[in-house]
Amino acid sequence: MSDTALKVADFKSDLKPIWCSGCGDFGVITPFYQALAEIQAVPKETVIVSGIGCSGRFPYFCNTYGFHGVHGRALPTAAGVKISRPDLKVIAVGGDGDGLGIGGGHIAHVARKNVDMTYILIDNSIYGLTKGQSSPTSPISMTSKTAPHTGIEEPLNPLLMFLSYHASFVARGYSGKPKNLKQLFVDAMNHKGFSILHIFSPCVSMNKQITFKTMNEIVKPLPDDWDTSNRLAAMEKALDEDTFWTGLVYQDERPTINDRLDSLEEKLGRYDGLSELLGQYK
Ligand SMILES: Cc1ncc(C[n+]2csc(CCOP(=O)(O)OP(=O)(O)O)c2C)c(N)n1
Ligand code: SF4
Ligand SMILES: [Mg+2]
């Protein structure tokens, strides 16, 4: 790397993360900075869009453009940025409440459009920022401020959902293994198409039931010879209730929505509204 190459410190903003001491999110942002440095992301051409939650604070701590939007709307906002400005690197970030509760409907549509961007879904099975309500991934046996006796709803299976939506890059990680996360971020940001990472990141303050200790017992990396083209086998791993398999689970190369818009424009040969609509931002 040349002397002018950007270093990890160049991607940290002047604001130090204000998460609780020991929060899993530190184990997400540290490898994320490292990955930005490894791919030599250009800060002025990188946009991080987030929803609301402790995890939604990500953009503040990164020396890139950022947009801390409304709860559950990180994905549509980020997709709009990428479709109108394909030259930018776009990353969306948010929590399990943000992305799977109020914003849960958006993932399927960004996946089927194959918008060329990365989504980091930071799951702690709790609403951390609002101090401990059950989330869409809280196990039914888990108690919380909104389930003082026991849960009464089945949890979602995010990995299975992303695979069934046919997202073109699906990975799973754990903030207790930040080294593995760095490579997943690099691969996700280099992927052409929609890359989604489901990252479990313990909330040490509001979720005393799923901890680093309980996670360490069930986290296992996928085998080295894992076939990332086999979606059915990936779904079987997602259905495994005893092991939290981590790594690149599934990857597929196919045209992005911007590729398809470009071919449509070429095919039409003349303007019908599309180029003007998109071209004004190019
Ligand atoms: C429309 C709307 N509804 C509810 C809220 C309150 N609210 C803010 S963050 C949040 C959930 C945060 O949980 P999660 O997305 O899992 O993020 P975490 O804090 O756990 O990282 C809720 C319900 C809000 N800000 N806006
Ligand atoms: S409440 Fe939980 S998720 Fe939020 S900063 Fe504290 S430990 Fe992290
Ligand atoms: Mg959460």
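Data block above holds the structure.
The structure contained in this document is the topic of the report that follows. (Residues numbered from 1 in each chain as written. Chains lettered and ligands numbered in written order. Predicted model: local features only at pLDDT ≥ 70, side-chain atom pairs only at ≥ 80, totals over all residues.)

### Examining the overall build of the protein chain
- Helices and strands together make up the secondary structure of the protein chain, namely 10 helices and 10 strands.
- Expected size for 282 residues packed as a compact globule is a radius of gyration near 19 Å; at 19 Å, the protein chain falls within 12% of this value.
- Its C-alpha atoms give the protein chain principal-axis dimensions of roughly 65 × 45 × 40 Å.
- In the protein chain, which comprises 282 residues, the proportion classed as buried is 41%.
- Across the protein chain, the fraction of contacts at a sequence separation of at least 24, relative to all contacts at a separation of at least 6, is 70%. (Helix = DSSP H or I, 4+ residues; strand = E, 2+ residues; numbered from the N terminus. Rg over C-alpha atoms; globule rule 2.2 N^0.38 Å. Buried ≥ 20, exposed ≤ 12 C-beta atoms within 10 Å, placed from the backbone. Contact = placed C-beta atoms within 7 Å.)

### Section: the pairing of strand E1 (residues 46-50)
- Counted residue by residue, E1 has five buried out of five residues, so it is predominantly covered.
- Side chains of E1 alternate between two faces, with Thr46, Ile48 and Ser50 and Val47 and Val49 buried alike.
- Where E1 meets strand E3 (residues 89-95), five bridges bridge the pair, whose relative direction is parallel. Bridge pairing in E3 links valine 47 to valine 90.
- Alignment of E1 against strand E2 (residues 65-68), held across four bridges, turns out to be parallel. Its bridge partner lying in E2, valine 47 is registered against tyrosine 65. (Pairing = 2+ DSSP bridges.)

### Quick notes on the packing of helix H1 (residues 26-38) against helix H6 (residues 178-190)
- The geometry of H1 relative to H6 is characterised by a closest axis approach of 8 Å and an angle of 45° between their N-to-C directions. Between H1 and H6, the interaxial angle falls into the category oblique. H1 and H6 meet at a crossing whose hand is right-handed. For the pair H1 and H6, the contacting residues are Gly27, Val28, Thr30, Pro31, Phe32, Gln34, Ala35 and Glu38 in the first and Pro178, Leu181, Lys182, Phe185, Val186 and Met189 in the second.
- Tallied by class, residues from the contact of H1 with H6 come to nine nonpolar, three polar and two charged. (Axes fitted to C-alpha atoms, helices over the stretch in contact; angles between N-to-C directions. Parallel < 35°, antiparallel > 145°, perpendicular 65-115°, else oblique. Left-handed = near helix turned anticlockwise from the far one by under 90°. Nonpolar A, V, L, I, M, F, W, Y, C, P; charged D, E, K, R; others polar.)

### Thoughts on the site of ligand 2
- Around ligand 2 sit Trp19, Cys20, Cys23, Asp25, Cys54, Asn124, Gly128, Leu129, Cys203, Val204, Ser205 and Met206, and that is every residue in its neighbourhood.
- A per-class count over the shell around ligand 2 returns eight nonpolar, three polar and one charged. (Near = placed C-beta within 6 Å.)

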